[in-house]
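What the coordinates show
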Amino acid sequence: VMAMNRVQFQPGLSLPAFLRSYGTEEACCSALFNARWPNGFVCPRCEGQTSSIFSRGGQQLWQCTGCRYQTSLIAGTLFEHSRLPLSTWFLALYLLTQSKTNLSALELSRHLGVCYSSAWRMKHKLMQAMTQREASRQLTGLVQIDDAYLGGEHNGGKRGRGSENKRPFVIAVATDEADRPGYAVIEPISGFTKAAIIEWAE
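So, about the packing of aromatic side chains. Per the stated rule, a full pass over the model turns up nine aromatic pairs. Consider the rings of Trp-37 and Trp-62, whose centres lie 5.5 Å apart with planes at 65°: the pair is edge-to-face. Of this pair, Trp-37 sits in the loop between helix H2 (25–36) and strand E1 (51–56) while Trp-62 sits in strand E2 (residues 59–64); the two residues are 25 residues apart in sequence, bridging distant segments of the chain. Under the relative-accessibility criterion, Trp-37 is labelled buried at 6%. Among the aromatic residues, those joined into a ring-pair cluster are Phe-18, Tyr-22, Phe-79, Trp-89, Phe-90 and Tyr-94.

Next up, the structure:
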């Protein structure tokens, strides 16, 4: 009997729980505000902390009392210039991070009810932001490594792990003393050979 992978079976955020916390536009705006300005509004220009709030064109704006600079909640974020509601962006982020396999832009568009081009742009913006965020992080402590193949299916090709349409990946997860996952690294490699693993580890 194969031993249970404790990292794989860590409790996550269920879809009902996600929707309870972030299922409305108001909840997503509140979450973004608290993440961006946890101690209250801070002017991105002069770092002033007092402001007036008004609406223009259906968008809520903050105007710094000190320098009169105006900004919105999404200005300077990856949501800037998007016409999609934050609730759609949050759901996209949830779906992309909860999927064990690579969620395609087409599948994402079906889940979100947006056109393919919008889903494609959303996916690439979110993946780029996550890549930049994780670039400087290092795995420490107990690191557990597993292998995976990612890729779509096509008619007539070989199925399973030996498929020429699947790309080999190495997944490494740093865990603490209680086997709780911390940081993870997912990187493509040339193959599951000793030389390829050593090259990846270096």
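Judged by pairing direction, the sheet is antiparallel, and its three strands sit side by side in the order E4-E5-E6 without closing on themselves. The outermost strands of the open sheet, each flanked by one partner alone, are strand E4 (142–150) and strand E6 (181–188). The average undirected angle you get between the axes of adjacent strands in this sheet is 20°. Note that strand E5 (residues 167–175) and E6 share six bridges and pair antiparallel. Across the sheet, Val-173 pairs through a bridge with Ala-184, a residue of E6.

Another aspect to go through is the pairing of E5. Across the nine residues that make up E5, a large majority, seven, are buried. Pairing geometry for E4 and E5, over nine bridges, is antiparallel. Residue Gln-144 lies in a different strand from E5, and its bridge partner there is Val-173.

This part takes up the packing of H2 against helix H3 (residues 86–98). For any two helices packed against each other, the geometry comes down to the angle between their axes and how far apart the axes lie. At a minimum axis separation of 8 Å, H2 and H3 run at an interaxial angle of 75°. Judged by the angle between their axes, H2 and H3 are roughly perpendicular. Counting all contacts with H2, which are made through Glu-25, Cys-28, Cys-29, Ala-31 and Leu-32, the residues of H3 involved are Leu-86, Ser-87 and Phe-90. Classifying every residue of the contact of H2 with H3 gives six nonpolar, one polar and one charged.

Among soluble globular proteins, nonpolar side chains are generally buried collectively. In this structure, Phe-79, Leu-86, Leu-108 and Leu-112 are the most contacted members of the largest nonpolar core, which totals 25 residues. Of all elements in the fold, only H2, E2, H3, helix H4 (105–112) and helix H5 (116–134) reach the threshold of two or more residues within this core. Setting aside residues no more than four positions away along its own chain, Phe-79 makes contact with Leu-32, Ile-74, Leu-86, Trp-89 and Phe-90.

The next thing to look at is a nonpolar patch on the surface. Nonpolar side chains collect at one region of the surface, where Leu-106, Tyr-116 and Trp-120 lie side by side and expose about 320 Å² of accessible area between them. Here Leu-106 shows up in helix H4. The exposure class assigned to Leu-106 is partly exposed, which follows from its relative accessible area of 40%.

Turning our attention to the pattern of salt bridges. What the rule picks out here adds up to one salt bridge. A salt bridge links Asp-176 to Arg-180, with the nearest nitrogen and oxygen atoms 3.2 Å apart.

Calculation notes
Residues numbered from 1 in each chain as written. Predicted model: local features only at pLDDT ≥ 70, side-chain atom pairs only at ≥ 80, totals over all residues. Heavy atoms only, no water. Phe/Tyr/Trp six-rings, centres within 6.5 Å; stacked < 30°, edge-to-face > 60°. Helix = DSSP H or I, 4+ residues; strand = E, 2+ residues; numbered from the N terminus. Buried < 20%, exposed > 50% of the residue type's maximum accessible area, 1.4 Å probe, protein only. Pairing = 2+ DSSP bridges. Axes fitted to C-alpha atoms, helices over the stretch in contact; angles between N-to-C directions. Parallel < 35°, antiparallel > 145°, perpendicular 65-115°, else oblique. Contact = heavy atoms within 4.5 Å. Nonpolar A, V, L, I, M, F, W, Y, C, P; charged D, E, K, R; others polar. Core = buried A, V, L, I, M, F, W, Y, C linked by side-chain atoms within 4.5 Å. Patch = residues over 30% accessible without salt bridge, like charges linked within 9 Å, V, L, I, M, F, W, Y side chains within 5 Å. Areas by Shrake-Rupley, 256 points an atom, 1.4 Å probe, with all protein chains shown as cover. Salt bridge = Lys/Arg side-chain N within 4 Å of Asp/Glu carboxyl O.

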